[in-house]
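# What the coordinates show
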Amino acid sequence: MKVLMGPDPSQIYRPDGGKNKEDFRNYTSGPLLDRVYTTYKLMHTHQTVDFVRRKHEEFGAFSYKKMSVMEAVELLDGLVDESDPDVDFPNSFHAFQTAEGIRKAHPDKDWFHLVGLLHDLGKILVMAGEPQWSVVGDTFPVGCHPQKSVVFWDSTFQDNPDTKDPRYCTDYGMYEPHCGLENVLMSWGHDEYMYRMMKFNKFSLPPEAFYMIRFHSFYPWHTGGDYRHLCCPHDLSMLPWVQEFNKFDLYTKSEDLPDVSMLRPYYQGLIDKYCPGVLCW
Ligand SMILES: [Fe+2]
Ligand SMILES: [Fe+2]
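Residues numbered from 1 in each chain as written. Chains lettered and ligands numbered in written order. Predicted model: local features only at pLDDT ≥ 70, side-chain atom pairs only at ≥ 80, totals over all residues. Heavy atoms only, no water.

## Remarks on the side chain of serine 217
Here serine 217 is to be found in the loop between helix H9 (207-215) and helix H10 (219-222). The class of serine 217 is buried, set by a relative accessible area of 5%. When residues no more than four places from it in sequence are discounted, the contact partners of serine 217 are Gly137, Asp138, Thr139, His190, Asp191 and His222. (Helix = DSSP H or I, 4+ residues; strand = E, 2+ residues; numbered from the N terminus. Buried < 20%, exposed > 50% of the residue type's maximum accessible area, 1.4 Å probe, protein only. Contact = heavy atoms within 4.5 Å.)

## Brief notes about the coordination of the iron ion (ligand 1)
Note on the iron ion (ligand 1): its protein donors are Asp120 (OD), His190 (NE2) and His216 (NE2). The metal-donor distances range over 2.0 to 2.1 Å. Taken in chain order, the donor set of the iron ion (ligand 1) reads D-x69-H-x25-H. Distance-wise, the iron ion (ligand 2) is placed 3.6 Å from the iron ion (ligand 1), both being coordinated by aspartate 120. Of this pair, aspartate 120 sits in the loop between helix H6 (110-118) and helix H7 (153-156) while histidine 190 is found in helix H8 (residues 190-200), placing the two residues 70 residues apart along the sequence. Using a relative accessible area of 4% as the deciding quantity, one classes aspartate 120 as buried. (Donors = N, O, S within 2.8 Å, 3.2 Å for Na, K, Ca; no water.)

## Overview of the pattern of salt bridges
Applying the stated rule across the entire model yields 15 salt bridges. As a salt-bridge pair, glutamate 192 and arginine 196 come within 2.6 Å of each other at their nearest N and O atoms. Taken together, the positions of glutamate 192 and arginine 196, both in helix H8 and four residues apart, correspond to about one turn of that helix. Here arginine 196 falls in the partly exposed class, since its relative accessible area comes to 33%. It is possible to trace a salt-bridge network through shared partners that takes in Lys55, Glu58 and Glu130. (Salt bridge = Lys/Arg side-chain N within 4 Å of Asp/Glu carboxyl O.)

## Here we look at the coordination of the iron ion (ligand 2)
Within the protein, His94 (NE2), His119 (NE2), Asp120 (OD) and Asp249 (OD) serve as the donor atoms for the iron ion (ligand 2), at 2.1 to 2.3 Å. Of note is the iron ion (ligand 2), whose four donor atoms meet at the metal with angles of 81 to 170° in an arrangement that counts as irregular. One chain supplies every donor for the iron ion (ligand 2), spaced along it as H-x24-H-D-x128-D. (Tetrahedral: all angles 85-135°; square planar, octahedral: opposite > 155°, others 65-115°.)

## Looking at unusual backbone geometry
The phi angle at phenylalanine 152 is positive, at roughly 55°, despite the residue not being glycine. Among the secondary structure elements, phenylalanine 152 is positioned in the loop between H6 and H7. We classify phenylalanine 152 as buried; its relative accessible area is 13%.

Below, the structure is given as structure tokens:
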């Protein structure tokens, strides 16, 4: 792993460019595949409607811990995401890589830079004792039949009790056509937790920021093109934002790690502007 140094902020982070786009998210081969598959097998077995509702209750009061955003970023120094076939280094670096990628492409949207830093902070749930299959990875709606673009769709859901429940095992399941993703119960994980945490703590970010964080892991929708039958016009209007965000979330992943100490002051300024102080997690 190389740590890049340099006084010019535009030079601090520079992905190595050694990987082609089609080499990301390979779920058929690779050195991390066993770990990734095991995480998804557990996720797709245990994420049920009842499970998700329990987690909403358990974490909805935000009484786990009080800390600042930067303290949460530092907590992710201790987390390697076991669902990620592309990354085998702590998630805190990924937060800065994503943010710096957005900063380069969208220099005038400082709130968007902050979205990059914030988007995976919900993974601190692992530090709260949650198993990774309940925190990381792609999300999917519970309460209806999983669609084919969900990773490992054909080999991981057979032990999930909801797949045998007549209320949940059709394409619509418990939902009305085009009910809107806001009314869909997503598998529990860092997206929904962080979205709710930002609402609870009244982050002063635009609606697009909340939406991108809430659905950034919903690959079967934003990349797979599935689940359109549950979307309302608002979801389709937000989709380009989620897809724009995804470019940086995915393609800035690189073993070329940024020098976090040089980046921290800029992002602390954004935190002070949009989500200052000690927050409830
Ligand atoms: Fe994420
Ligand atoms: Fe991410």
